[in-house]
Amino acid sequence: MTRPLHPDTLAVREAVERSQYGENSEALYLTSGYVQPSAEASARRFAGDEEGFTYGRYGNPTVASFERRLAAMEGAEACMSTASGMSAILMMCMGLLKAGDHVICSQSMFGSTIKLIGADLAKFGVESSFVSQTDVSAWQAVVKPNTRLLFAETPTNPLTEVCDIQALADIAHNAGALLAVDNCFATPALQKPMRFGADIVMHSGTKYLDGQGRVMAGALCASQQMVTEKFLPVLKSAGMTLAPFNAWVVLKGLETLDIRMRAQTEKAFALAQWLESHPAVARVFYPGLASHPQHALAMRQQSGLGGAVLSFDVKAADPDQARQRAFHVLDSLRVLSLSTNLGDTKTLCAHPASTSHGRLTEAQRQAAGIGQGLVRVAVGLEHFDDVTADLQRGLSSY
Ligand SMILES: *Cc1c(COP(=O)(O)O)cnc(C)c1O
């Protein structure tokens, strides 16, 4: 028996299928259709009785390489990629839920996720409950006979709240439901949710998997059976297919995921400490800090690392002043980017209350704890002194 390869080896070696030219770097297959060897073979492929590509919406060799590599890195049997992170969530819900089913989500999930599940899917009769990210008993309390899916994100955007994946997996499985985890913030470099019992790992490949702010992508890692029986039919009929070029970019991004995550995490930890001791900062949210409410759990679940995203609240007397000061910090930046994205080698700063969480009602925002003075920093690879100098400009001049 051959020894299984280590994760860093899989990140650069898994799913390299060379063409007749023997290229060392993965080939990019830009084609929407495939020529069939015979009418019989074509019929078998369309029926799913034979391996082979038939049409671009259903599959592509470059896309398949990305899927196999990400599955290997997450420790999953299989993976289905999508055009974006949100379309991965849509695929998951379309594949696993029907009218009358019930989903439980954390109330601190990504803003668009709350909107998609709480409002868009509600139109089709899917019920949902939103509960505290960190209170396991709150999840248990809303389990119903029709509960089919628990969906968590850890750490969350932007407050970096950490949930106990193992505890949520137990609740889900005792209820005959599945647990899905959005692993966008930690990535498989820091956290492998399946080790803690998650059934599905969802990704926005747009973030750290690409890692250089170039393309949109999404993915669901799960069992081979779930991918084949639940997700593939949705892909075929709904068509949220990942473009081959984007798949190729993210595939190459996976090769440096581990070193990027470690380097960016190290810089984020240093910045979190700097901000925590800053007189103009009221509070810093970062799992790597001892002051973080789920610090111990985060260290256990995330390979001892806090991740590359942190948020902080500026000191202010009231919400109006808080918003003014947060805007001032952002408008004073000269090096870092004012951009509502994350997972880039460039440090990105944003005001969640007016952007990523701007579509939520004030009550939903309050429930999620996202105030007007909150600034999110997705730390990139710039020198620490340049990052602090850029933030100091605004923080020292209200
Ligand atoms: C960005 C993001 C998504 C959505 O991904 P897109 O690729 O933008 O569609 C989902 N979850 C989290 C945590 C995200 O940060």
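What you are looking at is a predicted structure, and each value in this text was computed from that prediction instead of being measured.

**Q** Pulling in residues and values, what's your account of the overall build of the protein chain?
**A** Scanning the protein chain from terminus to terminus reveals 15 helices and 12 strands. Since a compact globule built from 398 residues should have a radius of gyration of about 21 Å, the 21 Å found for the protein chain is in line with a globular shape. Burial analysis of the protein chain (398 residues in total) assigns 53% to the buried set. Expressed as a percentage of contacts within the protein chain between residues at least 6 apart in sequence, the contacts between residues at least 24 apart total 72%. Side-chain charges in the protein chain split into 34 positive and 38 negative, and the spacing between the mean points of these groups amounts to 2 Å.

**Q** An account of unusual backbone geometry is requested, with residue identities and associated values reported.
**A** Thr-154 connects to Pro-155 through a cis peptide bond whose omega is -10 degrees. A positive phi angle, close to 65 degrees, is found at Ala-15, a residue other than glycine. As for its position among the elements, Ala-15 is in the loop between helix H1 (7-13) and helix H2 (39-47). On the basis of relative accessible area, Ala-15 is assigned to the buried category, the value being 4%.

**Q** Explain the site of the ligand to me, and be specific about the residues and the numbers.
**A** As a matter of local geometry, the ligand sits amid 14 residues, with Gly-85, Asp-182, Ser-204, Thr-206 and Lys-207 nearest to it. Between the ligand and Gly-85, the relevant distance is 2.8 Å, taken from an oxygen atom to a main-chain nitrogen or oxygen of the residue. At 2.8 Å from an oxygen atom of the ligand is found a side-chain nitrogen or oxygen belonging to Ser-204. The protein chains hide 94% of the 380 Å² of surface that the ligand would expose on its own.

**Q** Can you tell me about the domain arrangement of the protein chain, naming the residues and giving the values?
**A** According to the domain assignment, the protein chain contains domain 1 (7-254) and domain 2 (257-395). Spacing between the C-alpha centres of domain 1 and domain 2 amounts to 27 Å. With 38 residues of domain 1 in contact, the opposing surface of domain 2 contributes 42 residues. Counting each side, the surface lost to burial between domain 1 and domain 2 is near 3,200 Å², with a carbon and sulfur contribution of 59%. Contact with domain 2 buries surface across domain 1, with Leu-159, Leu-190 and Tyr-208 losing the most and accounting together for 25% of the total. The tally of links from domain 1 across to domain 2 stands at zero salt bridges.

**Q** How would you explain the sheet that holds strand E2 (residues 102-106) if you had to name every residue and give the values?
**A** The mixed open sheet is built from seven strands, whose spatial order is E1-E7-E6-E5-E4-E2-E3. At either end of the open sheet lies a strand with only one pairing partner, and these are strand E1 (78-82) and strand E3 (127-131). On average, each strand axis in the sheet is inclined to that of its neighbour by 20 degrees, with strand direction left out of account. As judged from the five bridges shared by E2 and E3, these two strands associate in the parallel manner. Bridge pairing in E3 places His-102 opposite Glu-127. On the sheet, helix H4 (residues 85-96) packs against E1, strand E4 (147-153), strand E5 (178-182), strand E6 (200-204) and strand E7 (218-222) and is oriented at approximately 150 degrees with respect to E6.

**Q** Run through the environment of Val-16, naming residues and quoting values.
**A** With respect to the helices, strands and loops of the structure, Val-16 is situated in the loop between H1 and H2. The contact partners of Val-16, leaving out residues within four places of it in the chain, are Asn-24, Glu-26 and Arg-69.

**Q** Tell me what's going on with the packing of helix H11 (residues 257-276) against helix H15 (residues 384-395), and back it up with residues and numbers.
**A** Geometrically, a packed helix pair is captured by the angle between its two axes and the distance between the axes. Two elements in contact, H11 and H15, have axes separated by 11 Å at closest approach and are oriented at 30 degrees. For the element pair H11 / H15, the angle class is roughly parallel. Here H11 and H15 pass one another in a crossing that is right-handed. Where H11 abuts H15, its residues Ala-270, Leu-271, Trp-274 and Leu-275 lie against Phe-384, Val-387, Thr-388, Leu-391, Gln-392 and Leu-395. Of the residues contributing to the contact of H11 with H15, the split by class is eight nonpolar, two polar and no charged.

**Q** Describe the nonpolar core, and please don't skip the residues or the numbers.
**A** Considering soluble globular proteins, one finds that nonpolar side chains tend to be buried as a cluster. Grouped together as the largest cluster of nonpolar side chains are 34 residues, with contacts concentrated most on Phe-66, Leu-70, Tyr-208, Cys-221, Leu-254 and Leu-257. Within the residue set of this core, elements represented by two or more residues are helix H3 (61-74), helix H8 (187-190), E7, helix H10 (244-255) and H11. With residues up to four places along the chain from it excluded, the contact list for Tyr-208 reads Cys-184, Phe-185, Thr-187, Leu-257, Arg-260, Met-261, Gln-264, Ala-308, Val-309, Leu-342, Gly-343 and Ala-378. In terms of nonpolar packing, the next biggest core, distinct from the first, is built from 31 residues, Leu-97, Met-109, Leu-116 and Ile-200 among them.

Parameters and conventions
Position numbers for residues start from 1 in each chain and track the written sequence from start to end. Only residues with pLDDT of 70 or above have their local features reported here, since the model is predicted, and side-chain atom pairs are shown and tallied only from 80 upward, although totals for entire chains, interfaces and linings are computed over all residues. As a convention, hydrogens and water are excluded, and side-chain values are obtained from all of the structure's heavy atoms. Think of it this way: any DSSP run of H or I at least four residues long counts as a helix, any run of E at least two long counts as a strand, and we number them from the N terminus. Atoms counted for the radius of gyration: C-alpha only. Globule rule: 2.2 Å times the number of residues to the power 0.38. Exposure is judged per residue with a 1.4 Å probe applied to protein chains only, and the accessible area is read against the type maximum: over 50% gives exposed, under 20% gives buried, and values in between give partly exposed. By the convention used here, residues are in contact when the closest approach between their heavy atoms is within 4.5 Å. Residues scored as charged are limited to Lys and Arg (positive) and Asp and Glu (negative), so that His and the chain ends carry no count. Positions of charges follow a simple convention, taking NZ of Lys, CZ of Arg, CG of Asp or CD of Glu. Proximity is defined per residue: any heavy atom of the residue falling within 4 Å of a molecule or strand makes that residue near it. We call two N or O atoms a polar contact when they sit within 3.5 Å, provided that within protein one can donate a hydrogen and the other can accept it, with sequence-adjacent residues counted only if both atoms are side-chain atoms. Calculation of accessible area relied on Shrake-Rupley with a 1.4 Å probe; when residues are assessed, cover is drawn exclusively from the protein chains displayed. Marked domain ranges trace back to an automatic or database domain assignment. Accessible surface is computed with a 1.4 Å probe, and the buried area is the amount of it that two parts give up when combined, taken over both parts together. Just to be clear on terms, a salt bridge is a Lys or Arg side-chain nitrogen sitting within 4 Å of an Asp or Glu carboxyl oxygen. At least two bridges found by DSSP between two strands is the condition for calling them paired. Axes here mean lines fitted to C-alpha atoms, for a helix over just the part in contact, with angles spanning 0 to 180 degrees between N-to-C directions. Under this scheme an angle from 65 to 115 degrees is roughly perpendicular, one under 35 degrees roughly parallel, and one over 145 degrees roughly antiparallel; angles in between are oblique. Two helices cross in a left-handed way if the nearer one is turned anticlockwise from the farther one by less than a right angle. They cross in a right-handed way if the turn is clockwise. Classes in brief: Ala, Val, Leu, Ile, Met, Phe, Trp, Tyr, Cys and Pro nonpolar; Asp, Glu, Lys and Arg charged; the others, Gly included, polar. Nonpolar cores are built from buried Ala, Val, Leu, Ile, Met, Phe, Trp, Tyr and Cys residues. Side-chain atoms within 4.5 Å join them into one set.

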